[in-house]
Amino acid sequence: MSPRKILLLIAFALGIGAFFAFDLGRFLSLDYLKQSQVSFAELYAKHPWQVAGAYFAIYVAATALSVPGAAIITLAGGAIFGLLWGTVIVSFASTLGATLAFLVSRFILRSTVENRFGQRLAEINRGVEKDGAFYLFTLRLIPVVPFFLINLLMGLTRMKAFTFYWVSQVGMLAGTLVYVNAGTQLARLDSLQGILSPALLGSFVLLGIFPLIARRVVEAVQKRKVYARWRGVRPRSFDRNLIVIGAGAGGLVTAYIAAAVKAKVTLVEAHKMGGDCLNYGCVPSKALIRSAKLAHQMRHASHYGLSDTAALFSFKAVMQRIHEVIRAIEPHDSIERYTGLGVEVLQGHARLVNPWTVEIALNGGGIQRLTARSIVIAAGARPFVPPLPGLDEVGYVTSDTLWETFAQMDEVPKRLVVLGGGPIGCELAQAFARLGAQVTQVEMAPRILLREDEEVSALAQASLEADGVAVLTGHKALRCEWVDGQKTLIVEHGSVIQRIAFDQLLCAVGRSARLTGYGLEELGIPTQRTIETNEYLQTLYPNIYAAGDVAGPYQLTHVAAHQAWYAAVNALFGDFRKFKADYSVIPWATFIDPEVARVGLNEQEAKEKGIAYEVTKYGIDDLDRAIADSEAHGFVKVLTVPGKDRILGVTIVGTHAGDLLAEYVLAMKHGLGLNRILGTIHTYPTLAEANKYAAGEWKRAHAPQGLLTWVQKFHDWKRG
């Protein structure tokens, strides 16, 4: 804590201490005020400006220090100055004092609270930025809410001081009038409770509820305005409760939830059930990675005390196995399964006609129109293809098309160029290199896996290079050409031009949301890189929701399923209560070898956001099971609040890192710290013990050394 903060805290404490030390509270009683009413009136008649100034200063000080007695001082204002001037003086003095308390709280406490509750406070700050003035006004209208608490708590947020001041000035005016008016009738007042009679208190409650009602009215007006152009086409009744567009992870889970709560739901999919994850992404890539890893282990069998052997295989058989894996998992996402669950599944291309109507061009021919109270768009994303000159002429595959294209090949591509150093590019580059391809990976950024810490990127690059991948970071792809009958990629590094010959080029530079072709433009639904939604996943039209890759901000299958719950529940039950999508604990993994898994903050993000943290690191090379498995490489890195065991984020690099991360995801979701993980029994010998040992490293670093010195002396004494 800075010297200025310490001085302010001391001054604040001295002020409160003086109040209680000199028993100043005795002057803030109704009896004392009634007894002194005549004296105050005479003093005010002789010295009006001095009395008004002293009163103003006392009121500001009492409010700023949050000491009890503001109600009595307000009554005194009415008794001394009358209704008009009493209201004016009290209104400005109370608001100024409240703002000072707000600023003191901000200056002394906010940084500490942000360090401890940074992620949660960030969510609150986003709400304050959007609706903070409205909620502050509502709280100010209801005198049963302690105003000093409002002052202190608002100081912890990012609300602007000027906003706090003027909202408080207006919001407290009604309560000020009531108390000042009561002060003018001081002789008849027997107790403070008499000021707030049940009728008056009820009026205040109604006054406090009024802004909420007003907000509902405003929302209704806005809603009416949004739907104005469609006023004549809104159906009086609906064919369905919910229509879901897209049968990827987001759409499937949305439809599943709707059917589970007995809603009438239709799921529309133009292509394959299961979406990108089943058919082109998660499932086939992991099947490929497993085959590639086995080939790698065969070539390095000496690591396990066996003889190294060549991995002889048919590339067609490898690709065939991948498609067999897809077919084995297909029933989980099949039309038959979802029909059995109560979902109507239509195969065809959906298009929004108006906010309640979807027109489906059925794959089997014909057009079907359906209406629904709510619609969820889960149209997913597609691979982004960079606008490289000559790319179409030389040909390319994407993470979507490679599975069909490569399945027709008898051998693995001899020379493969992978554009992109993100998770998809890294996974596929390593897998194909392990299967015998000569892989060159081209990344424009200075390192691969740019969202991870630098040490993670370095370890990942070293691992890929050990498998034969030529990783070219800081290389910008310029164009593709045919040179001497060979497909060639022209890249630039600094001012040096390089030419890379290849047989196949894989574009893995990211994915872009599907935003066109199904009516968003006609309805005027705003889009940027994704469909614009609010925190409830609602689009411009409150009855149309978006979930999954098309909504962002994460392009992860499990996040799409997570969003689907909010979209489904809000779409079906939002008239009663809506839920804000929660992104506070999002895990992800990159399935290279060794795997990279993360949840929450890493070091580079913590630094970018200015969040204080401590690092605890445990090397997996020390773990018994990892040593036994010849997988003794990688680490567990945990970020915690300084001096506390509360977890801010975890990065794990090592075998099965994605599985090991689950324990930390659970801990962060439910507010469990490292002490709880350390106190949990982990089976020996397992990889999961790495989590316990990481917690042990934190505990060792925070051991009470002073106490241990005395314990050592105790043991010395016990030995005589």
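Residues numbered from 1 in each chain as written. Predicted model: local features only at pLDDT ≥ 70, side-chain atom pairs only at ≥ 80, totals over all residues. Heavy atoms only, no water.

Below, the discussion takes up the overall build of the protein chain. Scanning the protein chain from N- to C-terminus turns up 26 helices and 21 strands. Relative to its full complement of 720 residues, the protein chain shows a buried share of 46%. Sequence separation of 24 or more characterises 66% of the internal contacts of the protein chain that already satisfy a separation of 6 or more. Put simply, the protein chain shows about 35500 Å² of open surface, and 60% of that area lies on carbon and sulfur atoms. (Helix = DSSP H or I, 4+ residues; strand = E, 2+ residues; numbered from the N terminus. Buried < 20%, exposed > 50% of the residue type's maximum accessible area, 1.4 Å probe, protein only. Contact = heavy atoms within 4.5 Å. Areas by Shrake-Rupley, 256 points an atom, 1.4 Å probe, with all protein chains shown as cover.)

Quick look at the sheet that holds strand S21 (residues 647-654) now. Overall, antiparallel pairing links the five strands, which are arranged S17-S18-S21-S20-S19 in an open sheet. Here the strands that pair on one side only, and so sit at the sheet edges, are strand S17 (587-590) and strand S19 (614-619). With strand direction ignored, the average angle separating the axes of adjacent strands in the sheet is 10°. Judged from the six bridges that link them, strand S18 (residues 595-600) and S21 form a sheet pairing that is antiparallel. Following the sheet pairing, Val599 is matched in S21 by Val650. (Pairing = 2+ DSSP bridges. Axes fitted to C-alpha atoms, helices over the stretch in contact; angles between N-to-C directions.)

Here helix H12 (residues 282-299) crosses helix H13 (residues 315-329) at 135°, and the two axes come no closer than 9 Å. Our classification of the angle between H12 and H13 gives oblique. Taken as a pair, H12 and H13 cross one another with a handedness that is right-handed. Judged by residue contacts, Val283, Pro284, Ala287, Leu288, Arg290 and Ser291 of H12 engage Val318, Arg321, Ile322, Val325, Ile326 and Ile329 from H13. (Parallel < 35°, antiparallel > 145°, perpendicular 65-115°, else oblique. Left-handed = near helix turned anticlockwise from the far one by under 90°.)

All right, on to the packing of aromatic side chains then. Summed over all chains, the structure comprises 13 aromatic pairs. Judged by centre distance (5.0 Å) and plane angle (85°), the ring pair of Trp565 and Tyr566 falls under edge-to-face. Owing to a relative accessible area of 37%, Trp565 belongs among the partly exposed residues under this scheme. By relative accessible area, Tyr566 is classed as buried at 10%. Aromatic side chains Tyr618 and Tyr693 sit 5.7 Å apart centroid to centroid with 50° between the ring planes, which places their arrangement in the tilted category. One end of the pair, Tyr618, is in strand S19; the other, Tyr693, is in helix H25 (residues 689-701), with 75 residues separating them in the sequence. Residue classification places Tyr618 among the buried positions, given a relative accessible area of 4%. The class of Tyr693 is partly exposed, set by a relative accessible area of 33%. Here Lys578 stacks its cationic end above the ring of Tyr536, 5.1 Å away from the centre of that ring. Note that Lys713 overlies the ring of Trp710, its terminal NZ or CZ placed 4.5 Å from the centroid. (Phe/Tyr/Trp six-rings, centres within 6.5 Å; stacked < 30°, edge-to-face > 60°. Lys NZ or Arg CZ within 6 Å of the ring centre and 35° of its normal.)

What follows concerns the pattern of salt bridges. One pass over the structure, following the stated rule, counts 24 salt bridges. Between Glu359 and Arg369 there is a salt bridge, and its shortest N-O distance comes to 3.0 Å. Of this pair, Glu359 sits in strand S4 (residues 357-362) while Arg369 sits in strand S5 (residues 367-377), and the two are ten residues apart along the sequence. Accessibility expressed as a relative area gives 18% for Glu359, which makes it buried. (Salt bridge = Lys/Arg side-chain N within 4 Å of Asp/Glu carboxyl O.)

Another point: the nonpolar core. Residues Leu288, Phe406, Phe432 and Val439 are the most contacted members of the largest nonpolar core, which totals 45 residues. Val439 has contacts with Leu416, Val418, Ala429, Phe432, Ala433, Gly468, Val469 and Ala470, leaving out every residue within four places of it along the chain. Ranked by size, the runner-up nonpolar core spans 29 residues in total, among them Tyr227, Trp356, Ala372 and Leu520. (Core = buried A, V, L, I, M, F, W, Y, C linked by side-chain atoms within 4.5 Å.)

Right, let's get into helix H6 (residues 147-155). Residues of H6 that are buried include every one of Ile150, Asn151, Met154 and Gly155, and no others. Down the axis, H6 shows its buried residues gathered within 125° of arc, on one side only. (Arc of directions from axis to C-beta.)

As a further point, take the environment of Gly275. Topologically, Gly275 is positioned in helix H11 (residues 275-279). The class for Gly275 is buried, based on a relative accessible area of 13%. Gly275 sits 103 residues away from Ala378 along the chain, and the two C-alpha atoms are 9.9 Å apart. Every residue in contact with Gly275, bar those within four places of it in the chain, is listed here: Ala247, Gly248 and Tyr280.

Here the focus is the sheet that holds strand S7 (residues 397-398). Strand order in the open sheet made by the five strands is S7-S14-S8-S9-S10, with parallel pairing throughout. Looking at strand neighbours, the two that pair on one side only are S7 and strand S10 (470-473), the edges of this open sheet. Where strand S9 (residues 438-443) lies against S10, four bridges are found, and the strand directions are parallel. Directly across from Val442, in S10, lies its bridge partner Leu472.

Bringing unusual backbone geometry into the picture now. Of note, the bond from Gly552 into Pro553 is cis; its omega dihedral lies within 30 degrees of zero at 0°. Among the structural elements, Pro553 can be located in the loop between strand S16 (544-546) and helix H20 (557-573). For the peptide bond that leads from Tyr684 to Pro685, omega is -10°, which places it in the cis range. For Pro685, the location among the structural elements is in the loop between helix H24 (674-678) and H25. Here Asp484, not a glycine, exhibits a phi torsion of approximately 55°, which is positive. One can find Asp484 in the loop between strand S11 (476-483) and strand S12 (486-493).

Within S18, six of the six residues are buried, which leaves it mostly tucked inside the rest of the structure. Summarising the sheet, S17 and S18 pair through four bridges and their orientation is antiparallel. Directly across from Ala589, in S18, lies its bridge partner Ala597. The antiparallel pairing of S17 with S18 creates a hairpin that spans four residues between the two strands.

Across seven bridges, the pairing between S11 and S12 is antiparallel. Bridging from a neighbouring strand, Glu481 pairs with Thr488 of S12. Where S12 lies against strand S13 (residues 496-502), seven bridges are found, and the strand directions are antiparallel. For Lys487, the partnering residue across the bridge sits in S13 and is Phe502.

Turning to a nonpolar patch on the surface, a few remarks are in order. A grouping of Leu84, Trp85, Val88 and Phe92 is seen on the molecular surface, where their side chains present a nonpolar patch of about 430 Å² in accessible area. When you line up the elements, Phe92 lands in helix H5 (residues 70-141). Judged by relative accessible area, which is 41%, Phe92 ranks as partly exposed. (Patch = residues over 30% accessible without salt bridge, like charges linked within 9 Å, V, L, I, M, F, W, Y side chains within 5 Å.)

The subject of this paragraph is helix H4 (residues 48-64). Three or four residues apart is the spacing at which side chains of an α-helix point the same way, because the helix has 3.6 residues per turn. For H4, which comprises 17 residues, the first-to-last C-alpha distance of 24 Å matches the rise-based estimate of 24 Å (1.5 Å per residue) to within 8%. In the stretch just after H4, Ser66 is the one whose phi turns positive, near 60°. (Expected span 1.5 Å × (residues − 1).)

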